[in-house]
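Below are the chains, spelled out letter by letter.
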Amino acid sequence: MLLSRLARVSQEVAAASARSRKIALLAGLFREAEAADVPVVIPYLAGRLPQGRLGVGWKVLGRPVPPAAEPSLTVRGADARLTALGAVSGPGSQAERARLAGELMGAATEAEQRFLRGLITGEVRQGALDAVAVEALAEATGAPPADVRRAVMLAGSLQAVAEALLADGPAALDRFRLTVGRPVLPMLAHSASSVAEAAGRFGACAVEEKLDGIRVQVHRDGGTVRVYTRTLDDITGRLPEVATAALGLPGERFVLDGEVISFDGTGRPRSFQETAGRVGSRVDVATAARAVPVSPVFFDVLCVDGRDLLDLPLTERYAELARLVPEPMRVRRTVVSGPGDVPTAEAFLARTLERGHEGVVVKALDAAYSAGRRGASWLKVKPVHTLDLVVLAAEWGHGRRTGRLSNLHLGARAADGSLAMLGKTFKGMTDAMLAWQTERLRELAVADDGHVVTVRPELVVEIAYDGLQRSTRYPAGVALRFARLVRYREDKRPEDADTVQTLLAAHPGVRP
DNA sequence: TTCCGACAGTGGGGTCGCAAT
DNA sequence: ATTGCGACCCCACTATCGGAA
């Protein structure tokens, strides 16, 4: 199959607004693909490269290359070139990757260049990613969408399911079962604003502490342990403590779901930054582990000794977990009988926060384990802080925000009377707010370099955020975590905005 | 007819590793 | 030694479509 065919369909998908139309377009192409092209066509149209990331980004791809006049690249040909590109390493590799990328782009037509750039940078912007591709795959093969979704969850890979389905039809789905050693897509949580709201959605529910660490899925098969991240990367080598812990448990074959986090000498959780830095260390793991040891803390079990537990209700899975994992290695939790028992849940949240944790996850006791956010039977609840800050500048947006001032630079009043930038945010804005702020900020503009528009610091915004973190980038030595716009405070002037001093006072655990 | 679940898009801060300077 | 880039951890929120109620 020619790459130009994919590029054209991708454009048509982007142009279609109805999801059903996107699905029909993708399904048509999936039916058309030869078996040998399937391993490439499927991920490409789901907006991903089969190789994963290549080590090439905007910097290299941004260089303009004269496009080819006529399409000649095949799907497999392009894939082979990208595989070669991704394999380059060592001294001189940047220049070599740039050369290979230039060569590929030179062989591509203008439409193919756009498509390839999107794929390589991970921004296809066609309004269809894995979930829509799954629907299309179901439509193309006549398999029930729910069965395809489940197979993808169990395989941890759309590509593997697609190949099997297109080769052997819907019967192939039965081959995908939970297998120890092969990671499955993890179940995720939605957000709720309070434990009362969360408990109100369920009947009886569990309330579990939410640890601010790294999600892990731990597979043990006899003497072999493997540890996977939320995106199914294998990080076994970075977490020797987890392997040791798993080998110490009274079971030979199991799959556990949990979090790794680092506790300090007093048993308080270290900051997310410290835990994430440790888990990110790959070169000298032993030294990193001595400085910042991590502990696994589990909250679910997906399989024990060959028994697949995914479809059991949480109550039964947790009973299995309690048999397998001793209490100190499980998250703290409480069970509430329903909305009438909210005070118990609130008291548990308060104790959890006192222990230094992030918040809680409220879970329906009768819910099975299912990948993604589908179903919403897990709800996280975290405290939200707010501040009044001054808009210092704004950045021109991309995609559907092109032509709008989007990303706001936020400042608090510093002791010397200046405004200290604490971070940026593009979240929380409705289309009406974007239109309004674009107009208002242009009136206040003092400079525009085409990317950042600097403004007179006169507008005050109410900003919600999850917490404070250390920063080497910002002048106060701290930055806001997950800042988002709540509303404009036209009733406030810059001199009414919050100060760095009051911010630091509100977060005594964080120092610049 | 209205409501709500699922999805994609739009980017945020930090840290690590690697190659280039 | 320092800098820049890319990958990957954590993530919130809105618009939109389409099925459920």
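Just so it is clear, the structure is predicted and the values come from calculations on it, not from any experiment. Position labels on residues start from 1 in each chain and follow its written sequence. All chains are assigned letters beginning at A, and all ligands numbers beginning at 1, according to the order in which they are written. In view of the model being predicted, local features appear only for residues whose pLDDT reaches at least 70, and side-chain atom pairs are presented and counted only at 80 or more, with totals across whole chains, interfaces and linings using the full set of residues. Working from all heavy atoms in the structure, the side-chain values ignore hydrogens and water.

A. Region of interest: helix H3 (residues 38-45). Remark: exposure states derive from per-residue accessible area (1.4 Å probe, protein chains only) relative to the maximum for the residue type, with buried under 20%, exposed over 50%, and partly exposed in between. The secondary structure listing takes helices from DSSP runs of H or I that are at least 4 residues long and strands from runs of E that are at least 2 residues long, numbered from the N terminus. Across the 8 residues of H3, 7 count as buried, placing the element largely inside the fold. For H3, the set of buried residues is Val38, Val40, Val41, Ile42, Pro43, Tyr44 and Leu45. We call two residues in contact when some of their heavy atoms are within 4.5 Å. Among the structural elements, helix H1 (3-15), helix H2 (19-32), helix H5 (75-87), helix H7 (110-121), helix H8 (130-141) and helix H10 (158-168) are those in contact with the buried residues of H3. In the stretch just after H3, Gly47 is the one whose phi turns positive, near 85 degrees.

B. Representation of the sheet that holds strand E2 (residues 205-210) in the model. The 5 strands lie next to each other as E1-E10-E9-E2-E8, forming an open sheet whose pairing is mixed. The two strands at the open ends of the sheet, each matched to only one other strand, are strand E1 (190-191) and strand E8 (333-336). The rule for pairing is simple: two strands pair if DSSP sees at least two bridges between them. Of the pairings in the sheet, the one linking E2 to E8 comprises 4 bridges and is antiparallel in character. Among the inter-strand pairings, Ala206 is bridged to a residue of E8, identified as Val335. All axes here are fitted lines through C-alpha atoms, helices being fitted over the stretch that makes contact, and every angle between N-to-C directions spans 0 to 180 degrees. Across the sheet, helix H16 (residues 342-354) touches E2, E8, strand E9 (359-364) and strand E10 (378-381), and the angle it forms with E9 is around 145 degrees.

C. Quick peek at the protein's contact with DNA strand C. Taken together, 31 residues lie near DNA strand C, and Ser20, Gly55, Lys59, Thr231 and Arg484 sit nearest. The rule for a residue being near a molecule or strand is that one of its heavy atoms must lie within 4 Å of it. Taken together, the sugar and phosphate atoms account for 93% of what DNA strand C places within 4 Å of the protein. In the analysis that follows, any N or O atom pair within 3.5 Å is treated as a polar contact, provided that within protein one partner can donate a hydrogen and the other can accept it, and provided that, for residues neighboring in sequence, both atoms belong to side chains. At 3.0 Å, a backbone N or O of Asp431 approaches a phosphate oxygen of DNA strand C. Those elements giving two or more residues to the surface near DNA strand C turn out to be H2, helix H4 (58-61) and strand E3 (214-221). Only Asp, Glu, Lys and Arg are considered charged in this grouping, and only Ala, Val, Leu, Ile, Met, Phe, Trp, Tyr, Cys and Pro are considered nonpolar; every other residue, Gly among them, is considered polar. Split into classes, the residues belonging to the surface near DNA strand C amount to 8 nonpolar, 9 polar and 14 charged.

D. Structural detail: the pattern of salt bridges. The working definition used for a salt bridge is a side-chain nitrogen of Lys or Arg within 4 Å of a carboxyl oxygen of Asp or Glu. Applying the stated criterion across every chain, the model contains 38 salt bridges. Put simply, Arg278 and Glu241 hold a salt bridge, and the shortest N to O gap is 2.7 Å. You can see Arg278 sitting in helix H13 (residues 272-280) and its partner Glu241 sitting in helix H12 (residues 240-247), a full 37 residues away along the chain. Glu241 shares its class with Arg278; the two are buried. Lys424 is the partner of Glu395 in a salt bridge, and the nearest nitrogen-oxygen pair spans 2.8 Å. Of this pair, Glu395 sits in strand E11 (residues 385-396) while Lys424 sits in strand E13 (residues 419-425), and the two are 29 residues apart along the sequence. By relative accessible area, Lys424 is classed as partly exposed at 37%. The network of salt bridges with shared partners includes Lys210, Glu358, Lys382, Asp466 and Arg484.

E. Main features of unusual backbone geometry. Here the phi dihedral of Arg125 falls at roughly 50 degrees; this positive angle occurs in a residue that is not glycine. Looking at where Arg125 falls in the secondary structure, it is placed in the loop between H7 and H8. Owing to a relative accessible area of 56%, Arg125 belongs among the exposed residues under this scheme. Backbone geometry at Asp305 places phi at a positive 45 degrees, although glycine is not the residue there.

All we've got here are geometric facts, nothing functional implied.
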